[in-house]
4 protein chains.
Amino acid sequence: MAAEKIILKDNANIKFNNNVDFCVGTGRTGLALCKEYLDELSLVQEEIGFKHIRGHGLFSDDVAIYREYEENGKTKFEYNFTYLDRIYDSYLERNIRPFIELGFMPKQLASGTQTIFYWKGNTTPPKDYKRWQSMLKAYFEHIIDRYGFDEVKTWPIEVWNEPNLPGFWKDADMNEYFKLFTKSFEAIKKISPEFKVGGPAICGVRDEEWIKAFCEYLHKNKIVPDFFTRHHYTVEFPERVGHYDYHVVSDPEDGFKNLKSTRDIIDSYKEFKGLPIHITEFSTSYTPFGVIHDTNFNAAYLARLLSRMGDVNESYSYWTFGDVFEEQGVPYTPFHGGFGLVAGGCIPKPTFYTFAFFKKLKVKAEKCILRQDDAVVVKTKDGYAGVLWNTSKKKITKEFDFKKGEYSLLTQTVDEETCNPLKLWHDLGEHANPTKAEVKMLRDAAKPLTSSERVTDKITVDVKKNGVVYFELVRSTITPDRGYDYNRVLALR
Amino acid sequence: MAAEKIILKDNANIKFNNNVDFCVGTGRTGLALCKEYLDELSLVQEEIGFKHIRGHGLFSDDVAIYREYEENGKTKFEYNFTYLDRIYDSYLERNIRPFIELGFMPKQLASGTQTIFYWKGNTTPPKDYKRWQSMLKAYFEHIIDRYGFDEVKTWPIEVWNEPNLPGFWKDADMNEYFKLFTKSFEAIKKISPEFKVGGPAICGVRDEEWIKAFCEYLHKNKIVPDFFTRHHYTVEFPERVGHYDYHVVSDPEDGFKNLKSTRDIIDSYKEFKGLPIHITEFSTSYTPFGVIHDTNFNAAYLARLLSRMGDVNESYSYWTFGDVFEEQGVPYTPFHGGFGLVAGGCIPKPTFYTFAFFKKLKVKAEKCILRQDDAVVVKTKDGYAGVLWNTSKKKITKEFDFKKGEYSLLTQTVDEETCNPLKLWHDLGEHANPTKAEVKMLRDAAKPLTSSERVTDKITVDVKKNGVVYFELVRSTITPDRGYDYNRVLALR
Amino acid sequence: MAAEKIILKDNANIKFNNNVDFCVGTGRTGLALCKEYLDELSLVQEEIGFKHIRGHGLFSDDVAIYREYEENGKTKFEYNFTYLDRIYDSYLERNIRPFIELGFMPKQLASGTQTIFYWKGNTTPPKDYKRWQSMLKAYFEHIIDRYGFDEVKTWPIEVWNEPNLPGFWKDADMNEYFKLFTKSFEAIKKISPEFKVGGPAICGVRDEEWIKAFCEYLHKNKIVPDFFTRHHYTVEFPERVGHYDYHVVSDPEDGFKNLKSTRDIIDSYKEFKGLPIHITEFSTSYTPFGVIHDTNFNAAYLARLLSRMGDVNESYSYWTFGDVFEEQGVPYTPFHGGFGLVAGGCIPKPTFYTFAFFKKLKVKAEKCILRQDDAVVVKTKDGYAGVLWNTSKKKITKEFDFKKGEYSLLTQTVDEETCNPLKLWHDLGEHANPTKAEVKMLRDAAKPLTSSERVTDKITVDVKKNGVVYFELVRSTITPDRGYDYNRVLALR
Amino acid sequence: MAAEKIILKDNANIKFNNNVDFCVGTGRTGLALCKEYLDELSLVQEEIGFKHIRGHGLFSDDVAIYREYEENGKTKFEYNFTYLDRIYDSYLERNIRPFIELGFMPKQLASGTQTIFYWKGNTTPPKDYKRWQSMLKAYFEHIIDRYGFDEVKTWPIEVWNEPNLPGFWKDADMNEYFKLFTKSFEAIKKISPEFKVGGPAICGVRDEEWIKAFCEYLHKNKIVPDFFTRHHYTVEFPERVGHYDYHVVSDPEDGFKNLKSTRDIIDSYKEFKGLPIHITEFSTSYTPFGVIHDTNFNAAYLARLLSRMGDVNESYSYWTFGDVFEEQGVPYTPFHGGFGLVAGGCIPKPTFYTFAFFKKLKVKAEKCILRQDDAVVVKTKDGYAGVLWNTSKKKITKEFDFKKGEYSLLTQTVDEETCNPLKLWHDLGEHANPTKAEVKMLRDAAKPLTSSERVTDKITVDVKKNGVVYFELVRSTITPDRGYDYNRVLALR
């Protein structure tokens, strides 16, 4: 197939809100006590580097913040921040800070017994909104005391998670959620108006209805939130077989339209127009055994999302950074379709590199000069950088022409042949409990293939089926050390 | 080109003394105080794992063991083991122990002023053999005291280095060397006859003459050493341009013949017949700016040496593990043709993996079942493992037929396209002082490409120009977790 | 007060089974996934070094081993070893291995809903003993597969925990326990008779009755266990105030008598006579908010136990190594009276050093030459070593006379003035959530005071109130370096 | 003896230029390649934290920057920054940056053969000042390229070392030094006038004469340096015995007067008045076998210097941070009187804590409220902090009265009984090569004794002979957790 010819124009300037590293999701907050969790997070932070981390279960009983007790016949309450401090300390040590999600309900503060997940997060409203507000006050005062107000005020605050699903919020009761939002908003703004608070954190179920009703409610009550939030998954309903979910992806354009519709509703209110929308969760599959997550296809498909999610949103947070996750129980194997960028044993999945590549783009970019359905190219200080991807089944080839000069071309290729830990794990026998040697092998193999070349005015880049390719063109001249002749070295034998 | 067809016979049993990990060379002993040296050594030990390490300069003044001083008008002497302990402690912490080389001469104990190298190792006989013996006694007593006799007695001891070169031993004076050998041998055996002492540590210059004379001398003097030693380099005389040496390699078969001639001379003496010969240095080029060292060709060429060096020798020690080395001054760039398996910044060179692959063969082998000029295959507990290499300019292909079964095939490929840090460094601009980001990139890129497959009774392995390929066939059945269907996963989109 | 004069006799030889390092307790197995837990364990292993670790909850649902599911209308079961492997790998990396405790009951395998603790361990018999046996079989086969039979067979196996308490075993039903024991014993011995299995793991409640009944049962059923087990706590019933338990200790001699009574019952059966008794838990207080645990008094009191517990028992396992522990919920402050040798933030408590000192005694001892109620002294290869302690409120002083010579005396003192992190924490304000700087300060301060002296034939050792002192006398001569004169150095000013 | 009574006045405000952490000295630059050097530096930076590091030998041949070679019959020159980058990278990783000292002379650029030290630094003027300037240009351009101008411009630059001694500068030739200074100054200011350049780096020999002549020279030539530098040692001429130097200290007041005289000379020139004076080396003894360095007396004596050195000087750099040092050869034992704050094996000496304590004072101080010959006290945000020292042979006692309140008092005591690694090493037998266990013991023992108390309005602080005591009073109330009663805990038994 002939290469697509593309001329890179230095004076182009294309809007591209690449906020790949703003936030990432995590399994429930309490899991941050685990060593494997922290090892995976360290890896993600070293190679990608996110600013914020968002997860459920901050107020769930395994974090153990809220406690009621009887004294002299009266019910009193007290707070315990032992685990919270350990968790947040670990985050800050890894240069990541909370995108706070207020939820779920401490058992003793709950109005009901409904729980969600293997780990039993209580998803009922508070039995007493004053106590809820007291708890928020105690929580914020504690973290301000420990980390300083200047630090804490940079942590966005989202009220609850997916209240539009009855599993996450009893009866998906809209009015009750609006009450929770308002009570939380008020309690926090009272501590400081500088805190940024938003919602409604809904997923795609009846999303238009919810967004409209939420805006209307805020409008009527003269509340202006600091930002809006919603989620975004891009798969059809799965087939479940045994432990696993088989999902087919939907057309990304449908998703972009859906996101645009949220933007439009919000912007239709004068006082909300242009307020940030944070996509506080997104991925392909929305289940923790969604086998598609581990594939090279997922990596390529995600690249397209990353190239577009910033169009109408401030940020978008991949759900999740790692595979220490227990919503549907403990995983049976390292490649079980977990949400993570990293599999158990600190093995990067292909999608890990999609994020790493977009992060490099962001760090290096002066401006975007090309954006296509399967490519983004930016101008850098001393050349160009780009990411290409291919969700089709055939190789694609692009030829880029650019300003003449001496360049070094660096490419990193993640495709089924060069960086495919899932296949290696399969070929080794799909061991549920790989040996240490196997885990090391998997980790070593889960690296992009790096290539390089000296070029002057054009390059051709191939992207194989389900591949993602990063390239960098850096102006450079070779200044050999005295007597060194690379071509002569190569000719020796 | 048609594949060469090879049938792997489970009942074959081919002699193959694979002693790839017995010993490795190092820059002068005093350099072991350096952090970069130790970082490189740690990497080599983690991924390859040698038993012994051998280098020059144990008694040179930078290690500072021997010191004379005046007291009351008399010359006295004393010993300082501060640095020695630091060095040997570092070795043992990294699970490697000395192959002791006795040399060079402390300035104050020397009979002359001749030195060798940028770092000025004195290469003259002792001014007083009694003091030499006293120093040996003090040295051995000290290390026995610190590390225990059971440990130290496993460290082989070689007398001096390349006395057949006038630069290394004044006038290449044979008789003087025999005297040094005898005096050293006696002093050490007096401490314990269990110590293993050998020589004459010669290189390929006038080697036959030296070996014969050495044997004759020992024979006449009724000395039976514990082993013999010599060196082995396989290049023609280089052209030097600027800082660099351009060498062409010689035919390996010529080298093997040369090694055999040493074996034959030794075996012609009844009392020496079959005594171990340790090749205490070998490589292609014998200079620290021998640019060939950094190439993929070197890796492939070395594979052939590793497949044969054990035929007439007990062991063979690659010169050297790393590029912290100063014989001709401080290197100007990371890829300067240093001796090391690892370049500055802990970047593995292609040859690093030749060693890693042969080490895996050794660990896994039950017996050797195939040995060719470009391949070795062993039978393992649960399958097969092999290394293939290609020093030609065209791809070679081999088809292996083996006992039918369910196997996972793992291959690791090191060739100019998959693992070529030299090229990447060149393409980036041959920077003398790469940035930290560049060093990380080089390190990340210097990995074999790992592939895998499920196979049943035959495999085809390609080895490209200058490539080295490791493969492993492991009998295994796939036992998918409940509901997991890999093919269905792959088909999702 | 005059010093007590003691003559150390080199030819004395006193029975002293110092098995201080055989085993240590831990919070529930699942907590071993936590980073803080593993950091504390690393510290304990570096400075003390235990062989085995024993904790509850192996089969509890947070470790997630056992799982039932429906398929085609039938209930099936499957196993998940993801977390188990992570935990046991972590143990072995820290050179400690399980003392296996079989329990508690997976919810789906349980016959009832009774649970114990904040973390809700199910303490009812299996609903189906065949499935229990199947689970044991699967568990043992898995760990043998992963760690090797030679390794696993060294791990002692104890059936359940404290079945004599109705909280730990429904109705404290003896016959049901005997059934559980027998079924477990049979299932394990069927895998290999080399496994060592024991029980009944009772605490001090109705202990005589239980031991007798257990022996009788075994005797009648011709079962010979590999060892017996029981627990040993040495406090009176506490007063609970708020979160905390205030216990007064009992006379240690009463405890020793109680232990002896168990020994006597067992030895009264011919077939059990002399079988090992492992005290699989012991401490002063038996609650995780037993404030006495953090005190210097506890350290001194424990020393006496350590000097005697081996008299009739094979081993004795301190409950627990660290303060990551959740039986009564998450601790509120670092010094909450947790069971651990180490407080949260890796702060050693005084009792930590009692163990460290007895471990040194063990490592250095050739034989015991003195044992008193407040001292033990051993003969070492090149001198003497001893531990002294003082549970009284007044300083005690002992003078030791020994074989004349040149010795260096080293003492390490842990008392209220030299190593008292509890006091420092109190004086800093009893902060529930100390800052990192405070934690570092606490950790730095929680060290013994080390002193030294040159002595020849006698030493005087003071032990202040609640103190524990370790001393070491090592024969050594001073061989100053040329020109070094220590006394002259000291006189300089 | 009665305590001295001192009333701390909150409204006092005493001048105290505490610049304890501005700079520290180091053995020759090339030693920074050593692992032990970097381990010691890491420790110093973690516990004290200096901003700059200054050492000799930047241009000496072991760093290998300058190299001449012949090509086509002509002499050419080239630069090698391989080692320099490794060294400076290591510094910046440890958050310390060079205080550049320009010197000594590369052998090939030298006009003579005179060398100094065991490591043979060439101390002759350049054979060609243009080449010297070229080298400076190349050096600065390289480090600007690697570290950025904004970073490098913060590194002060000093021309040469102690040119007033003939060993350090041929014939102590003043005019030649002034030439070197001028040529260097010009070359550097040409790169950027923002660089800060100073001299003359003299020691106390003929210092007045040199300072005057230097000022006069600058004045006449209309050169205004950015700062002046000199050294300051406070001992009498030593007696050398064997390897060791026995020095008696001089009266500190004499030293302060001497420093003032330099200040006065400089300030007598209008254009130099008030320019910073950096004491680029100071200590008690000026030899690397000055046994006084290791003593507790040294720690106490140094405290007095630290309390006063800032009076007329901008900064003062202790010579040196560690004991990896070779000016008079390799040390024979860990406690050989080396210059370092840390002995070999990363053992802090008492003086280490004098610096740590003054650094804490600096970090916490709002202002100084007391300065005596044996004490400094500062007001902190929430209380007071102070350092006391005692160079006499008798205990001193001070009682401080302060503003009534609830305080926690923390004291850290370094004296002969609490933190005296030299004594421990002596008592163990003065082993030249301590075992790993001994080194660990020495390291563990080399810690201050930490004590604490609750106080309200007065404290009494004892300082024993040769002691240094740090104290901190922090306002704090105790807020016991529910049910916790510290006094009741202590009373338990």
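This structure is a prediction, so every number in the text was calculated from the model and none was measured.

Thresholds applied
Along each chain, the written sequence defines residue order, and numbers are assigned to residues from 1. Naming scheme: in the order in which they are written, chains are lettered from A and ligands are numbered from 1. Totals for whole chains, interfaces and linings use all residues, but because this is a predicted model, local features are given only for residues with pLDDT of at least 70 and pairs of side-chain atoms are given and counted only at 80 or more. Side-chain metrics in this entry use all non-hydrogen atoms of the structure; hydrogen atoms and water are not considered. The superposition of copies rests on a least-squares fit of C-alpha positions from residues with pLDDT of 70 or more in both. Throughout, a residue-residue contact means that at least one pair of heavy atoms, one from each residue, lies within 4.5 Å. Note on terms: buried area is the combined drop in 1.4 Å-probe accessible area of two parts once they are placed together, counting the loss on both. The rule for a salt bridge is simple: a side-chain nitrogen of Lys or Arg has to be within 4 Å of a carboxyl oxygen of Asp or Glu. Residue ranges assigned to each domain were obtained from an automatic or database domain assignment. Under the rule applied, a polar contact is a pair of N or O atoms within 3.5 Å (in protein, one hydrogen donor and one hydrogen acceptor; residues adjacent in sequence only if both atoms are side-chain atoms). Each residue is assigned to one of three groups, with Ala, Val, Leu, Ile, Met, Phe, Trp, Tyr, Cys and Pro labelled nonpolar, Asp, Glu, Lys and Arg labelled charged, and all others, Gly among them, labelled polar. Note on definitions: the grid is 1 Å and covers protein atoms alone; a cavity is a set of points where a 1.4 Å probe fits but cannot get out; a pocket is an open set with protein on both sides within 12 Å along at least five of seven lines; lining residues have an atom within 4 Å of a point. Grid points are joined across faces, edges and corners, and a volume is the space filled by probe spheres set on the points. Helical segments are the DSSP runs of H or I of at least four residues, strand segments are the runs of E of at least two, and each set is numbered from the N terminus. By this definition, two strands are paired if DSSP reports at least two bridges between them. Fitting a line to C-alpha atoms yields each axis, with helices limited to the stretch in contact; the angle taken between N-to-C directions then spans 0 to 180 degrees. Exposure classes here rest on a 1.4 Å probe applied to the protein chains alone. A residue is buried below 20% of its type maximum, exposed above 50%, and partly exposed in between.

Quick look at the relation of the copies chain B and chain A now. For these two chains of identical sequence, chain B goes onto chain A by a turn of 180° and a shift of 0.0 Å along the axis, with RMSD 0.0 Å. Interpreted geometrically, this transformation is the action of a two-fold axis. Taking C-alpha positions as the reference, the residue of chain B nearest the rotation axis is Leu449(B), at 3.7 Å. Residue by residue, 100% of the interface of chain B is reproduced at the interface of chain A, so both copies engage with the same surface.

Turning our attention to the interface of chain D and chain C. Taken together, the contact between chain D and chain C spans 59 residues of the former and 59 residues of the latter. Buried surface at the junction of chain D and chain C, both sides included, amounts to about 5,500 Å², of which 57% is carbon and sulfur. For the interface between chain D and chain C, the tally reads four salt bridges. Note that Arg488(D) is salt-bridged to Glu239(C), the shortest N-O span being 2.6 Å.

Taken as rigid bodies, chain D and chain C are interconverted by a rotation of 180° and an axial shift of 0.0 Å, the fit giving an RMSD of 0.0 Å. A symmetric contact is evident, with 100% of the interface residues of chain D recurring at the interface of chain C.

Another aspect to go through is the domain arrangement of chain A. How big an interface is tends to be reported as the loss of accessible area on association of its parts. All names here are of chain A. Partitioning chain A into domains gives domain 1 (4-13 + 367-491) and domain 2 (23-363). Here the C-alpha centroids of domain 1 and domain 2 sit 33 Å apart. With 33 residues of domain 1 at the contact, the number on the domain 2 side is 29 residues. Buried surface at the junction of domain 1 and domain 2, both sides included, amounts to about 2,500 Å², of which 70% is carbon and sulfur. For the interface between domain 1 and domain 2, the tally reads two salt bridges. The salt bridge involving Arg304 is made with Asp373; its shortest N-O contact spans 3.7 Å. Where domain 1 meets domain 2, there are seven residue pairs in polar contact (both at pLDDT 80 or more). Taken together, the residues that form the side of domain 1 that touches domain 2 break down as 19 nonpolar, eight polar and six charged.

Tallying each qualifying case throughout the model produces 15 cavities of 30 Å³ or more. Each pocket or cavity is described by its volume, and for the largest cavity that value is around 130 Å³. Lining the largest cavity are 14 residues, and of these Lys447(C), Pro448(C), Leu449(C), Lys447(D) and Pro448(D) sit closest to its centre. Of all the secondary structure elements, the ones that give two or more residues to the lining of the largest cavity are α11 (436-445) and β24 (449-455) of chain C together with α11 (436-445) and β24 (449-455) of chain D.

Below, the discussion takes up the sheet that holds strand β1 (residues 4-7) of chain C. Residues and elements named next belong to chain C. Strand order in the open sheet made by the three strands is β1-β22-β25, with mixed pairing throughout. Bordering the open sheet on either side are β1 and β25 (458-463), each of which pairs with just one other strand. Taking each pair of neighbouring strands and ignoring which way they run, the sheet shows an average axis angle of 25°. Examined bridge by bridge, β1 and strand β22 (residues 396-401) share four bridges and lie parallel to one another. Across the sheet, Lys5 pairs through a bridge with Glu399, a residue of β22.

Next up on the list: the pairing of strand β19 (residues 365-372) of chain A. Residues in a regular strand project their side chains so that they alternate between the two faces of the sheet. Residues and elements named next belong to chain A. The pairing of β19 with strand β20 (residues 375-380) spans six bridges and is antiparallel. Directly across from Ala365, in β20, lies its bridge partner Thr380. Remark: two residues form the turn of the hairpin made by β19 and β20, two consecutive strands paired antiparallel.

With that out of the way, let us pick up the pattern of salt bridges. Residue and element names in this part refer to chain B. Taken as a whole and assessed by the stated rule, the structure comprises 192 salt bridges over all chains. Between Asp294 and Lys349 there is a salt bridge, with the nearest N and O atoms lying 2.8 Å from each other. Separated by 55 residues along the polypeptide, Asp294 in the loop between β15 (277-283) and α8 (296-308) and Lys349 in the loop between β18 (347-348) and α9 (350-364) bring together distant segments of the chain. Since its relative accessible area comes to 0%, Asp294 is described here as buried.

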